[in-house]
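# Coordinates in review
Residues per chain are reported as follows:
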Amino acid sequence: MAKGKDYFGLGRLVSIILAIIPVTAWLCGWLTRFKEGKIIAGIIRLLFGWNIIWILDLILMILQGKILRILNC
């Protein structure tokens, strides 16, 4: 994955478009965390990624090009 880009190293515009759609943002965020090897963070995204985490991901994706990382484990 390219450094500084989330959602599998896709371009920033594509990542923003994916982040706008709740279902794809939830799936991509979940898969991104599991791909990074962050199992606990992936499970938390799986359970709670459809609400406030989605909104925060959308804001951070637009401003910084990265998703929210609450846990690094």
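Residues numbered from 1 in each chain as written. Predicted model: local features only at pLDDT ≥ 70, side-chain atom pairs only at ≥ 80, totals over all residues. Heavy atoms only, no water.

### Quick look at the environment of K38
Take K38: it is sitting in the loop between α2 (22–35) and α3 (39–48). A relative accessible area of 24% places K38 in the partly exposed class. (Helix = DSSP H or I, 4+ residues; strand = E, 2+ residues; numbered from the N terminus. Buried < 20%, exposed > 50% of the residue type's maximum accessible area, 1.4 Å probe, protein only.)

### Brief notes about the packing of helix α1 (residues 12–20) against α2
Closest axis-to-axis distance for the α1/α2 pair is 5 Å, and the angle between their directions is 115 degrees. Accordingly, the angle class assigned to the pair α1 and α2 is roughly perpendicular. On α2, the residues that touch L18, A19 and I20 of α1 are P22, T24, A25 and C28. A per-class count over the contact of α1 with α2 returns six nonpolar, one polar and no charged. (Axes fitted to C-alpha atoms, helices over the stretch in contact; angles between N-to-C directions. Parallel < 35°, antiparallel > 145°, perpendicular 65-115°, else oblique. Contact = heavy atoms within 4.5 Å. Nonpolar A, V, L, I, M, F, W, Y, C, P; charged D, E, K, R; others polar.)

### Here's the deal with the pattern of salt bridges
Under the counting rule described, the total for this entry stands at three salt bridges. Close ionic contact of R33 with E36 constitutes a salt bridge, the shortest N to O distance being 2.7 Å. Within this structure, R33, E36 and R69 form a network of salt bridges that share partners. (Salt bridge = Lys/Arg side-chain N within 4 Å of Asp/Glu carboxyl O.)

### Quick word on empty space enclosed by the protein
The full count for this structure, using the stated rule, is one cavity of 30 Å³ or more. For the largest cavity, the calculated volume is near 60 Å³. A per-element tally of the lining of the largest cavity places α3 first, with three residues. For the lining of the largest cavity, a count of residues per class yields six nonpolar, no polar and three charged. (1 Å grid on protein atoms, 1.4 Å probe; cavity = no way out; pocket = protein on both sides within 12 Å on 5 of 7 lines; lining within 4 Å. Points joined across faces, edges and corners; volume = space filled by probe spheres on them.)

### Structural notes on the side chain of R45
Residue position: R45 is located in helix α3. A relative accessible area of 6% places R45 in the buried class. Reaching out from R45, the side chain makes a polar contact with the side chain of D57 at a distance of 2.6 Å. (Polar contact = N/O pair within 3.5 Å; in protein donor to acceptor, adjacent residues only side chain to side chain.)

### Regarding the confidence of the model for the chain
On average, residues of the chain score 84 in pLDDT, and 92% of them are at 70 or above. Per-element mean pLDDT across the chain ranges from 86 in α3 up to 89 in helix α4 (residues 52–63). (pLDDT = per-residue confidence, 0-100.)

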